[in-house]
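Observations on the three-dimensional arrangement
For reference, the chains in residue letters:
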Amino acid sequence: MASGDPSASRLKKKKRFRRRLRSRIILSFVLLGFGLTAMFAFATNWTRTRVENQLVEDVMNRNIANAARQFELDPSNPQIAFDQVRAFVYTPDKFDSVRLNRPEWYDLKDGIVGMTGIGEDGKPFAYKLAVRKTPGAWFFLAYDMTQSARSESQFNRALYLSVLVFTLFSLLVGWWAASRVMSPVSELANRLKRSGRSSQSEALAAHFPDDEVGQLAEALDDYAERLTNVVQRDREFNADVSHELRTPLAVIKGAVELLLSRPDIEDKTRNRLLRIQRAEQQCTDLISALLLLSRNERGHGATDIAKLSEQLLEAHRAQLGGKALALRVEGERGLVVDAPEAAVAVALGNLIGNAVKYTTQGEVVVRLHPRSVEVIDSGPGLSAEDAAKLFERGYRGTHAGHSQGGGIGLSIVRRLCELYGWDVRVKPGETVGVVATLKFERVD
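Residues numbered from 1 in each chain as written. Predicted model: local features only at pLDDT ≥ 70, side-chain atom pairs only at ≥ 80, totals over all residues. Heavy atoms only, no water.

1. Remarks on the side chain of Glu280
Rules: Each helix is a run of H or I in the DSSP string that is no shorter than four residues. Each strand is a run of E no shorter than two, and both are numbered from the N terminus. For each residue, the accessible area found with a 1.4 Å probe, counting protein chains only, is set against the maximum for its type, and the residue is called buried under 20%, exposed over 50%, and partly exposed in between. Positive charges come from Lys and Arg, negative ones from Asp and Glu, while His and the chain ends are left out of the count. Whenever a carboxyl oxygen of Asp or Glu lies within 4 Å of a side-chain nitrogen of Lys or Arg, that contact is scored as a salt bridge. We call two residues contacting when some pair of their heavy atoms lies within 4.5 Å.
Structurally, Glu280 can be placed in helix H7 (residues 267–295). In this structure, Glu280 is buried with no salt-bridge partner, the nearest side chain bearing the opposite charge being Lys253 at 5.2 Å. What Glu280 contacts, discounting residues up to four positions off in sequence, is Leu249, Ile252 and Lys253.

Written out as structure tokens, the structure is:
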């Protein structure tokens, strides 16, 4: 069977990696659940942090104001203790002690800043420091944030757990929703596969409600009906054409045999009648092969490849037209193929015919193998572009020139190989010419 179009192969590979619709629905629910939960957690944490900071700063501002008022009333008591809060008051004569004992506080401006330090137990802690400096005194108010930091850590863990729980919940909901949504689509696909096993298409729309899937099933029913009509008309046309052509071909065959049986016929006339006889046989074989292709069914038989090769070479030997070309068969005998002789003659005859047509001198060798046959010529060779497109319908190679032919012979060979499971390949020869290989399924 000939190799397919590389672009079609790439397109097939590209489609293979696309996610299934069910997976996309589940992923959409997961992303939606995760996104909404994450945004809600971020907004909640931001709001909590902002409110907490505002409350702490309000408490500290009130406490430092109270400390300043108490210092004005009683300067002999510069240190005032609060719950989680400690107030420090330094008079001008103690400003240097601040620089020596608490250098991190010395250059601070008025306001509230976050600070860190090491406690008496050697563990780090965090606190907020309110600063107010006046000519008469410096006021510092420290608010312990250790408990708040611990509460914030617990709160964040709770938020992370909530995000995880809601994401898993979204996954379950997405899985359930995808199953419900894709259930009729899967059923439609299964019914469509089962309907393709029979010659008659099964109505699909009757099994589905009038929704999007039902409309799709109705469209598939309409398409299947139109396609069935086209196939039926094509089969009837092929059968009618085959039948109508066989009749005049049978008349030609009988008339040629009758003329050839006359003993007084001239040699020139005899050669022309033999050529007509060979053309009639080729037409008959081609009609039989095309009829098998139109019905997409394998015919059976026991075709001797060696004998058929000799007949095909003999038919082309009479049409050489004076070319210095030797035609011969070599290799192992005994290869028999389970196919009608007409189908094998069309496939092998096209390969031999092309070799004879494009080889002006040298030889065309049909080499037989246990499971295949090679047609080797000494012609002009084959380019890489021709080798890639040779079996496409209507393609004529660059070496075809002004020769006759519509470029459909090798296309028919490819279709016959697809029908019978054969394999056909054409490649340039080692030095000159072309090597065409046709592999068969051998009859045991």
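Moving on from the model shown.
2. Describing the packing of aromatic side chains
This is how it is decided: Centres within 6.5 Å make a pair out of two Phe, Tyr or Trp rings, where for Trp the six-membered ring is used; the pair is then stacked when the planes are under 30 degrees apart, edge-to-face when over 60, and tilted otherwise. Two conditions define a charge sitting above a ring: the NZ of Lys or the CZ of Arg must be within 6 Å of the ring centre, and it must be within 35 degrees of the ring normal.
This model, assessed by the stated rule, comprises seven aromatic pairs. On the basis of an interplanar angle of 70 degrees and a centroid distance of 6.0 Å, the ring pair of Tyr90 and Phe140 is categorised as edge-to-face. Of the two residues, Tyr90 sits in strand S2 (residues 85–90) while Phe140 sits in strand S5 (residues 138–144), which places them 50 residues apart along the sequence. There is no split in this pair, since Tyr90 and Phe140 are both buried. Considering the side-chain rings of Phe95 and Trp138, the 3.9 Å spacing of their centres and the 10 degrees angle between planes classify their relative orientation as stacked. Residue Phe95 is located in helix H3 (residues 95–101), and its partner Trp138 is located in strand S5; the two are separated by 43 residues in the primary sequence. You can call Phe95 buried: its relative accessible area is 15%. Among the aromatic residues, ring-to-ring pairing joins Phe88, Tyr90, Trp105 and Phe140 into one connected group. Across the ring face of Trp105, the terminal group of Arg102 is positioned such that the distance to the ring centre comes to 4.4 Å. Its guanidinium or amino end placed over the ring of Trp138, Lys133 lies 4.3 Å from that ring's centre, counting from NZ or CZ.

3. Describing the side chain of Ser372
By the element assignment, Ser372 lies in strand S10 (residues 372–377). Ser372 has contacts with Leu335, Arg367, Leu438, Lys439 and Phe440, leaving out every residue within four places of it along the chain.

4. A closer look at the confidence of the model for the chain
Here is the rule: On a scale of 0 to 100, pLDDT captures the predictor's confidence in every residue.
Taken as a whole, the chain shows an average pLDDT of 77; of its residues, 83% reach a score of 70 or greater. Ignoring residues within four places in sequence, the model shows residues 6–18, a span with pLDDT below 50, making zero contacts including any to other chains. Taken together, the stretch residues 401–406 has pLDDT below 50 and engages in nine contacts with residues farther than four places along the chain or on a different chain.

5. What about helix H8 (residues 305–317)?
For the record, the criterion: Residue count minus one, scaled by 1.5 Å, sets the expected span of a helix.
With 13 residues, H8 should reach 18 Å at 1.5 Å per residue; the first-to-last C-alpha distance of 18 Å fits that figure. Looking only at H8, the buried set comprises Ile305, Ala306, Leu308, Ser309, Leu312, Leu313, Ala315 and His316.

6. Focus: the environment of Gly379
Tracing the backbone shows Gly379 in the loop between S10 and helix H10 (384–389). Relative accessible area serves as the criterion here: at 14%, Gly379 is assigned to the buried category. Separated by 50 residues in sequence, Gly379 and Gly429 place their C-alpha atoms 9.5 Å apart.

7. What to know about the nonpolar core
Selection criterion: The set of buried Ala, Val, Leu, Ile, Met, Phe, Trp, Tyr and Cys residues whose side-chain atoms join them within 4.5 Å is what this entry labels a nonpolar core.
Counting residues in each nonpolar core, the largest one holds 47 residues, and the members touching the most others are Ile305, Leu416, Trp422 and Phe440. If you tally residues by element for this core, the top one is helix H9 (residues 341–358), at ten residues. Leave out the neighbours within four places in its chain, and Phe440 touches Ile305, Leu335, Val337, Val344, Arg371, Ser372, Val373 and Trp422. In this structure, Met115, Leu129, Trp138 and Ala142 belong to the second largest nonpolar core, which totals 13 residues.

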